[in-house]
Amino acid sequence: MEIVSISASLRHNKAGAVLIALQIALTVAIVCNTLAIVKQYVDQIERPSGIDEPNIFTLHNQWLGEPPDLEARVQGDLAALRSLPGVVGAESGSGFPLNAGGTSGFFSRHPDQHYDDAWNTAVYYVDEQGQAAFGVKLVAGRWFRADEIGVQHPSDPNIPAVMIITQWAARFFFPDGNAVGQVLYLASPTPSRVVGVVERIETPWAGMRHMDGFVERSAFLPYRFVNNGLWYVVRTRPGQRAAVMKAAQQKLFAMTPARIIDSVTPFSETRQRIYARGRSSSLMLGTLSVLLLTVTAFGVVGLTSYWVAQRRRQIGMRRALGARRVDILSYFHTENLLVAGTGAVLGIGLCVAGNLWLAQRLALTRVGVGYIGSAALVVLLLSQLAVIWPALRAASIPPAIASRGL
Amino acid sequence: MLAYFLELAFRSLRRNVVLTALMVAAVGVGIGASMTMLTTLIAMTNNPIPDKSSQLFLPQIDSFGDASRTHDMRDVPYVLPYRDAEAFMKAQLGVRQTAMYPLALNVKPPQGDLFEASGRATYTDFFAMFEVPFRSGAPWGHREDADQGNVVVLSSTLADRLFPGVDPVGRTVNLGKRDYRVTGVAGHWTPTPRFYDTNAGGFDEPEDFYIPFSIAIDRQIETNEYACDATSLAANWEARLKSDCPWVQFWVELPHAAQVDAFRTFLQNYAAEQQRLGRYPWLPVTALFDVMGWMDHVHVVPSQVRVNSMIASGFLIVCLINAVGLMLAKFSSRAVELSVRRALGASRNNLFLQCVTESMLIGLLGGLLGLGLTAVGLSALRALRGITSQDSIVGHLASLNLEVVLVTFGVAILATICSGLYPALRASRVQPAWQLKAQ
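Since we're looking at a predicted model, the values are computed, not measured.

Attention now goes to the overall build of chain B. Helix and strand counts for chain B stand at 17 helices and 11 strands. In summary, chain B has a C-alpha radius of gyration of 30 Å against a globular reference of 22 Å for 439 residues, an excess of more than 25%. Dimensions of chain B along its principal axes, counting C-alpha atoms only, are 100 × 55 × 40 Å. Going through the 439 residues of chain B one by one, you find that 43% of them count as buried. Sequence separation of at least 24 residues holds for 78% of the intrachain contacts in chain B that already meet a minimum separation of 6.

In C-alpha cells, the structure reads:
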C-alpha cells in the first residue's frame, strides 16, 4: 500500500529521486573499486619476502683505490662479519630482495639460444652458508656444498653446475612436478641442475611497478660475489640487529680503514621505502572513500529535507487523516530504501563493469563478491541513517498545516 | 544588474547559512580531494620542453631482433649499441645531436669524505638542445668533444656542496680519481618529466655532473644501465664497444619536417644496410619519436596514476550531483520569494540569471575552499612520500603551481554553473499565482 503511494509521489519528484539514485550508484561503484585497489596494495605490501626480515640488515661496501686482492678482502670481510657475536650468517651479493637493484639472467628449459622460452630470473649469489644468512626455508632437495662454490665477478660468464630455485619458479619451469634433479639453461648450452627448492625469496624488483610475474622468479647460484662495490647481507639473532649494525661497521673499518660503507639499512626500512608510494596511494584512496561516503550522506540529508519541505501540506494532510508519526517516519525510510536500493543495484553493475575495465588495464584482481556486497550495504545503511533527521522533521509537521490555505 | 544579482545572492546565501555551508563544503571537498590527486596527473602529462618538444627526436633500432626478444623485453630497446650511436653521431643529420649515457663516479671534495654522485657522459649539444640554464660559466666546446677534454659541468647542488660560496668555474674537481676542469655550473633545472632519460620512470632528478662522452669512453667509465643481460655482456671494454649490447642513449634536434623525413630515411637505410652486412640476420625495426610521442610510448604516466585520477574525477562528479540536489532544495525553498519578484515584474530570465549568479558565487567560495584543501592535501602527500623540496621533479608531482590553481578555479566555477543550471531553470519556472495563493 505504502509502496504504491511512494512510487506515485516519486513520479512527481523525478529529479530528486534520480539525483539520489545516481549519487548512490556512483558512490557504490567508486567505493567498491577503491576497496579492491587498496586491498591489492595492502596484499602487495604485506607479501612476505621469504627472508628472515626482522633480523636482517644490509650494507654497501666499496674499497678506495683498486685493491688487487679483492677476493681475499671479500673473504676476510665475510669471515669477520660471521665471527661477530650475535650474527647468524652473512653473504656478499649484487642485490637483495626489494632492493630495486640486483642481477638477473635468462633461464630457459631449452639449451638453444632461442629466447622464446627464456625468462628473466633474479639471481642471488651465495655460498654454502647462504641459507643461514637469508633465513630462507628449504622445501625440497639440499643446499649447496662447500665444494660447489665458485667465484663470480660482475661480468664473468660463469654457468653454474647446480642451482636452487624458488617454489614459484619450480612450478613455473616444471609444471609437471618435481623440480629437483631437472635442468635449466642460462642462455648457454651447458645445463645447470636444480638441487634444491626454497619456499620463497622475492626478487629485488618485487615491489616495483610493471613487475607482475617477476615477484618470485628467483634463484640462488653457488658463487661468492666479488666486486669493488657490493652488498653484504647480514642476519642476526633476534633483538641484536641494532647492536650488530654498529659493531659490523666498526669491525670492517678496523680491518681496512680505506673503504666507504653506506646504506646501512635494516630490512624493515628497505620494505618501507619500496612500498612508500603504494602506502601513500592507499591512504589517499582510503581518505577519499570516507569523504565520498560523508558527502553522499549529506546529499541524502539535503535532498530529503527538500522533499519534506515540498510535501509539508501532503504530510499534514496524511497526519490529519490519521497517520501516526511512526507512519511518516517509516514512509520516508521506505522511500529512501526504494531509491537508494535502485541506486545500489545500479552501482553494483557499474562496479563490476569498472572493475573488469580496470582489471584489463591495471592487472587489478577481480573484486570479490564480498566487497561489492559490503560496499552496497554500507552505502544503503548510511543513506538510511542520513534520512532519520529529515524524516523526524517531517513527522513533527502538525496536522493543522493541512487546513491552512485551503 | 550584475551588482544587484550579486547583492541578492549574498543575501540569500546568508539567510540559510547551514545549507550554504553544506553546498560550499560539498564543492570544496570535491575540488580539494580530486585536485590533490589530479595534480600528479597534471604534472606527469606536462610538456617538459614546450617550445621544442616536436623538434627533439629519439631514434630506436631493434638490436635484439624478433627472435631474441623475450617476454620480459617485449619492446625494442630504447638505447643503442655503441657502434650504432657512433654512426648516428657521425651522420650529423640534426642541427644538434648527442649520444649519452648515465654513470656514477666517486667525488673527492676538497675537504671531507668521498661520496658517490650521479653523472652523464654527453656531447656539448646536450645543454643547448635541452635548454639547460647556466648559473655561471658555459658548456664545454665542440673541441673538447672531439679531443676528449677533461672538463665537467656541475649541477648547482654539487657546485654548492664542493665549493660553498665560491664560483667553481676554472677550478678542478676530482671524479673517479681523475681531475676535471669546471667549465660551467648549470642553474636550477627540473624538467618534469625528465624526458631525456625515462629509463627509471621519468621522474628522477637531473644528474649532478656532465662530462664529455668521448672522455668517458676513453677512460672506460661504465654505465649502470646496460639493456642486455649480464651473460651476454662482453667482459672487455673494446669488445663491449663493438658488441650489439645496447646501452647508449641518443637524441637529435630536427627543427624542419624535411630534416625529420631525411633522418627517418637514413634510419631505415641504416637498418637495411646492417642487415645486408650480415650484422643482423633480421631487418631491424626502426622508430623515431618526438618528446611527447616518446612520453606516451614509454607510458610515463603510470597506470596507477591514471586510475587514481579516474577515481578522483568520479568523486568530483558525485560531489557535483550532490550540489545539484542541494541547490534544487535551496531554490525551491525560496519559491515564495521568487514568486513575489515575478509578481512584481521580474522576468523569468531575470530570475534564472539571479539563480545562476548565486550558484556561481557558491562555485567561487567552493573553489577557494577547494584550493585550500588541495594545498593541505598536497602537503600531506609530500609528507607521506618524504618529499622535502617542492622545487624538484618529485616535488612538482605534489605541489601547487599556477596551472593547478587555474584548473582548480576553472573546474570549480564551470562545474557549479553547470550543476546550477537545472535548479535555476526550475526555480525560474515558478508559478507565482500558485505559490502566492497557497500562503
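Residue and element names in this part refer to chain B. Along the chain, the position of Ala200 falls in the loop between β8 (178–186) and β9 (209–212). Residue Ala200 is classed as exposed on the basis of its C-beta count, with 12 C-beta atoms lying within 10 Å. When the C-alpha positions of Ala200 and Leu241 are compared, they lie 23 Å apart, and in sequence the two are 41 residues distant.

Residues separated by three or four positions in an α-helix point in the same direction, a consequence of the helix having 3.6 residues per turn. All names here are of chain A. If you check helix α3 (residues 70–83), its first and last C-alpha atoms are 20 Å apart, about what 14 residues at 1.5 Å a residue would give, namely 20 Å. For α3, every residue scored as buried is listed here: Val74, Asp77, Leu78 and Leu81. Angular distribution of buried residues about the axis of α3 spans 95°; they occupy a single face of the element. Among the exposed residues of α3, those pointing more than 90 degrees away from its buried face are Ala72, Ala79 and Ser83. Buried-residue contacts for α3 involve β2 (87–93), β10 (218–225), β11 (230–236) and α6 (241–255).

With that settled, the discussion passes to the interface of chain A and chain B. Across the boundary between the two partners, chain A contributes 51 residues, which contact 44 residues of chain B. Elements with a contribution of two residues or more to the side of chain A that touches chain B: α2 (14–46), β3 (103–108), β4 (118–126), α8 (276–310) and α10 (325–362) of chain A. Considering each element in turn, the side of chain A that touches chain B owes the most residues, 20 residues, to α8(A). A class-by-class count of the residues in the side of chain A that touches chain B yields 30 nonpolar, 18 polar and 3 charged.

Within a sheet, adjacent strands bond to each other through the backbone by hydrogen bonds, running parallel or antiparallel. Residue and element names in this part refer to chain A. Here 4 strands make up an open sheet; going across it, the order is β2-β11-β1-β12 and the pairing antiparallel. Strands at the two margins of the open sheet, each flanked by one partner only, are β2 and β12 (259–266). Sheet twist, expressed as the average angle between the axes of neighbouring strands with direction ignored, equals 20°. Bridge count between β2 and β11: 6 bridges; the pairing is antiparallel. Residue Gly93 lies in a different strand from β11, and its bridge partner there is Trp231. Its contacts with the sheet place α3 against β1 (56–63), β2 and β11, and it is angled at close to 160° to β2. Strands β1 and β12 of the sheet are contacted by helix α7 (residues 267–274), whose axis makes an angle of about 75° with β12.

Residues and elements named next belong to chain B. Bridging between strand β3 (residues 96–108) and strand β4 (residues 115–122) involves 8 bridges; their strand directions are antiparallel. Paired with Tyr101 across the bridge in β4 is Ala121. What sits between the antiparallel neighbours β3 and β4 is a turn of 6 residues, in which Gly112 has the positive phi angle 95°. Here β4 runs beside β9; their pairing, made up of 4 bridges, is parallel. Paired with Thr122 across the bridge in β9 is Pro212.

To continue, consider the domain arrangement of chain A. Partitioning chain A into domains gives domain 1 (2–46 + 277–401) and domain 2 (66–257). The straight-line distance from the C-alpha centre of domain 1 of chain A to that of domain 2 of chain A is 54 Å.

Residues and elements named next belong to chain B. Segmentation of chain B into domains returns domain 1 (2–45 + 302–438) and domain 2 (56–297). One C-alpha centre belongs to domain 1, the other to domain 2, and the line joining them spans 48 Å. The interface is formed by 8 residues belonging to domain 1 together with 7 residues belonging to domain 2. Elements supplying a minimum of two residues to the side of domain 1 that touches domain 2: α2 (17–44) and α15 (393–396). Ranked by residue count, the leading element in the side of domain 1 that touches domain 2 is α15, at 3 residues. In terms of residue class, the side of domain 1 that touches domain 2 is made up of 5 nonpolar, 2 polar and 1 charged.

Residue and element names in this part refer to chain A. Among the 8 residues of β10, 7 are classified as buried, and the element is accordingly described as predominantly covered. Two strands pair when backbone bridges link them, and β4 and β10 are joined in this way by 5 bridges, in the parallel orientation. Counterpart to Tyr124 in the pairing with β10 is Phe220. For strand β6 (residues 150–152) and β10, the ladder comprises 3 bridges, and the chain directions are parallel. Across the sheet, residue Val151 finds its bridge partner in β10, namely Arg224. Relative to β10, strand β7 (residues 162–166) runs antiparallel, the two being bridged by 2 bridges. Within β10, the residue paired with Ile164 across the bridge is Phe220.

About the thresholds
- Residues numbered from 1 in each chain as written.
- Chains lettered and ligands numbered in written order.
- Predicted model: local features only at pLDDT ≥ 70, side-chain atom pairs only at ≥ 80, totals over all residues.
- Helix = DSSP H or I, 4+ residues; strand = E, 2+ residues; numbered from the N terminus.
- Rg over C-alpha atoms; globule rule 2.2 N^0.38 Å.
- Buried ≥ 20, exposed ≤ 12 C-beta atoms within 10 Å, placed from the backbone.
- Contact = placed C-beta atoms within 7 Å.
- Expected span 1.5 Å × (residues − 1).
- Arc of directions from axis to C-beta.
- Nonpolar A, V, L, I, M, F, W, Y, C, P; charged D, E, K, R; others polar.
- Pairing = 2+ DSSP bridges.
- Axes fitted to C-alpha atoms, helices over the stretch in contact; angles between N-to-C directions.
- Domains from an automatic or database assignment.

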